[in-house]
Amino acid sequence: MAHRLPLSKLHISKRLKWARNHIPYGDKWMAVLFSDDKKWNFDGLDVNIKYWHDLRKDPRSFFSRQSGGGSVMVWATFGFNGQVGLTFLGGRQNSPKCIETLENHLVPFAENIGGRNWESQHDNVPIHTSNVTKNYLNSNNVTVLE
């Protein structure tokens with residue numbers, strides 16, 4: 001397993017501040033749509049330098065990607081009512097492809113379940129926070145949860 005540092009005191013205080021600021025959100029949480037994407041590899045991890053294993057057993061072997069391997073990118077959004085929007089994305093994702101996903105999947109899903117009174121929440125990866133994506137969201141009056 002990769003060694004990770006614990007959250008810094010600054011990160012902890014920022015997360016607590018965000019949570020405390022959103023406690024009074026109340027019923028507004030019902031209008032928030034959460035979305036994220038995930039890449040699934042058909043033949044194992046992208047990077048596998050180390051892994052934990054039982055030393056009493058033979059180490060696991062991993063296949064190389066010489067024959068293509070393959071992967072699939074899945075994007076999903078969900079809201080308070082439990083409905084889920086799910087789609088498979090093609091190729092490497094970038095800001096223009098992110099906008100395409102928002103336009104073809106997030107906006108129609110949101111309008112089907114709650115009209116125009118909704119907010120989007122994402123994980124702040126660079127393709128979600130790029131100026132191109134922000135401009136698209138602003139021009140379509142999509143409010144993004146801080």
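Report on the accompanying structure.

Cut-offs and rules
Residues numbered from 1 in each chain as written. Predicted model: local features only at pLDDT ≥ 70, side-chain atom pairs only at ≥ 80, totals over all residues. Heavy atoms only, no water. Pairing = 2+ DSSP bridges. Helix = DSSP H or I, 4+ residues; strand = E, 2+ residues; numbered from the N terminus. Core = buried A, V, L, I, M, F, W, Y, C linked by side-chain atoms within 4.5 Å. Buried < 20%, exposed > 50% of the residue type's maximum accessible area, 1.4 Å probe, protein only. Contact = heavy atoms within 4.5 Å. Phe/Tyr/Trp six-rings, centres within 6.5 Å; stacked < 30°, edge-to-face > 60°. Lys NZ or Arg CZ within 6 Å of the ring centre and 35° of its normal.

**Side note on the sheet that holds strand S5 (residues 143-144)**
- Read across the sheet, five strands follow the order S3-S2-S1-S4-S5 without closing on themselves; strand pairing throughout is mixed. Each having just a single partner strand, strand S3 (84-89) and S5 make up the two edges of the open sheet.
- By the bridge criterion, two bridges tie strand S4 (residues 119-121) to S5 in an arrangement that is parallel. Note that in S5 the partner of Glu-119 across the bridge is Thr-143.

**With respect to the nonpolar core**
- Leu-33, Leu-102, Leu-106, Trp-118, Tyr-136 and Leu-137 are the most contacted members of the largest nonpolar core, which has 16 residues in total.
- A total of seven residues in this core trace back to one element, the largest contributor, which is helix H2 (residues 95-114).
- In this structure, Leu-102 is in contact with Val-107, Pro-108, Thr-133, Tyr-136 and Leu-137, ignoring residues within four places of it in sequence.

**Overview of the packing of aromatic side chains**
- Going through the model one piece at a time under the given rule, you end up with four aromatic pairs.
- Residues Trp-29 and Phe-34 carry aromatic rings whose centres are separated by 6.4 Å and whose planes lie at 10 degrees to one another, so their mutual orientation is stacked.
- Over the ring of Trp-40 we find Lys-38, and its NZ or CZ is 5.2 Å from the ring centre.

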